[in-house]
Amino acid sequence: MSPGHFMQYAETSGHIFEMTRHIMRQTLVDVGNLYSKNPDLKLSVNLFAGHFEDRRIIEDLIEIYGDSRISYSQIVRQVTERQPLRDMNMARKIIAEMQSLGIRVALDDAGTGHGGLAYLQKLGIDIIKIDKMFVDTLWTEVSSSSIVDMLVELAGKLGMGIIAEGVEMMEQIGRLRELGVTSAQIGRHIRAEIHLCTAPARPSLCPACRSADQRRGLRRQRRTRAR
């Protein structure tokens, strides 16, 4: 059974809930000590649409992480666009409850699935994750650069963080910097997050940020003249 088919079976059979609980408990065993010594580290775990249909995921998070070596502020939960959320109002309430604990919520696979801009508008997402599909085709598809540029600008206007997924080459890092992306998830098997901007607190010192700011300024000028 392929990984994709296995996950589909786990979701449709309901086993995904216990699997998610097991993964969360295992993080305490595997990296709990590391995270307690490094408060800036973030722990991301994907959730599927069914997790946003009732409060059980909130109860699981409190039970597992409430008095643990991994703090709520180090946790990022990811909702994917690839599966439609059946009850947007309930999903928004669950996300708001996660955020009240200090947990951040990311939109995974942005631009590839069912939710589109509606998820950003209605769910109160904290972070946009640029799908690997767009990162891989930055040089071969003009539309990929345009989509990344749009997502960066949108994240900035909405006060959200933005992360590029599946970065595997230094050339990609350079291009993402030019587009204004400041963080990336690197490696095919490594789920580490790196900061692409060397001076996030003072963007004027960072050529990539300065270039991105200049491009955004030019776009605003063009829109103003067009009016």
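Predicted model only: the values in this text are computed from it and were never measured. (Residues numbered from 1 in each chain as written. Predicted model: local features only at pLDDT ≥ 70, side-chain atom pairs only at ≥ 80, totals over all residues. Heavy atoms only, no water.)

### Quick notes on the pairing of strand 1 (residues 43-47)
Here's step 1: Here strand 1 shows a buried face lined by L43, V45 and L47 and an unburied face lined by S44 and N46.
Here's step 2: In this structure, strand 1 lies alongside strand 2 (residues 75-80), joined through five bridges in parallel fashion. Looking at strand 2, one finds that V45 is bridged to R77.
Here's step 3: Since strand 1 and strand 2 lie parallel, the crossover through helix 3 (residues 56-65) that links them has a hand, and here it is right-handed. (Buried < 20%, exposed > 50% of the residue type's maximum accessible area, 1.4 Å probe, protein only. Helix = DSSP H or I, 4+ residues; strand = E, 2+ residues; numbered from the N terminus. Pairing = 2+ DSSP bridges. Right-handed = clockwise from strand over helix to strand, strands pointing away.)

### Some remarks on helix 4 (residues 88-101)
Here's step 1: Compared with the 20 Å implied by 1.5 Å per residue over 14 residues, the 20 Å span of helix 4 between its first and last C-alpha is a close match.
Here's step 2: If you check which residues of helix 4 are buried, you get A91, I94, I95 and M98. Buried residues in helix 4, looked at end-on, bunch into an arc of 100°, giving them a common side. Exposed residues lying more than 90 degrees from the buried face of helix 4 are N89, K93 and S100.
Here's step 3: Buried residues along helix 4 sit against strand 1, helix 3, strand 2 and strand 3 (104-110).
Here's step 4: Two or three places before N89, at the opening of helix 4, D87 has a side-chain oxygen 3.2 Å from that residue's backbone nitrogen.
Here's step 5: One or two residues past the end of helix 4 sits G102, with phi positive at roughly 105°. (Expected span 1.5 Å × (residues − 1). Arc of directions from axis to C-beta. Contact = heavy atoms within 4.5 Å. Polar contact = N/O pair within 3.5 Å; in protein donor to acceptor, adjacent residues only side chain to side chain.)

### A look at the pairing of strand 4 (residues 127-130)
Here's step 1: On strand 4, burial covers both faces: I127 and K129 on one face and I128 and I130 on the other are all buried.
Here's step 2: Of the strand pairs in this sheet, strand 3 and strand 4 are connected by three bridges, and their pairing is parallel. Each bridged residue has a counterpart across the sheet, and for A110 the counterpart in strand 4 is I130.
Here's step 3: Note: strand 4 against strand 5 (residues 161-167), four bridges, orientation parallel. Bridging across to strand 5, K129 finds its partner in I163.

### Section: the packing of helix 2 (residues 15-37) against helix 3
Here's step 1: One can describe the packing of helix 2 onto helix 3 by two numbers: an axis separation of 10 Å at closest approach and a directional angle of 20°. Taken as axis vectors, helix 2 and helix 3 run roughly parallel relative to one another. In this structure, helix 2 crosses over helix 3, and the sense of that crossing is right-handed. Of helix 3, the residues touching helix 2 (which contributes R21, M24, R25, T27 and L28) are R56, I57, D60, L61, E63, I64 and Y65.
Here's step 2: Of the residues in the contact of helix 2 with helix 3, the class split is six nonpolar, one polar and five charged. (Axes fitted to C-alpha atoms, helices over the stretch in contact; angles between N-to-C directions. Parallel < 35°, antiparallel > 145°, perpendicular 65-115°, else oblique. Left-handed = near helix turned anticlockwise from the far one by under 90°. Nonpolar A, V, L, I, M, F, W, Y, C, P; charged D, E, K, R; others polar.)

### Remarks on the side chain of D108
Here's step 1: The topology assignment puts D108 in strand 3.
Here's step 2: Buried charge D108 goes without a salt bridge, the closest partner of opposite sign being K129 at 4.3 Å.
Here's step 3: A polar atom in the side chain of D108 sits 3.4 Å from the side chain of N46.
Here's step 4: At 3.4 Å, the side chain of D108 and the side chain of Q78 are in polar contact. (Lys, Arg positive; Asp, Glu negative; His and termini not counted. Salt bridge = Lys/Arg side-chain N within 4 Å of Asp/Glu carboxyl O.)

Geometry only, nothing functional implied.
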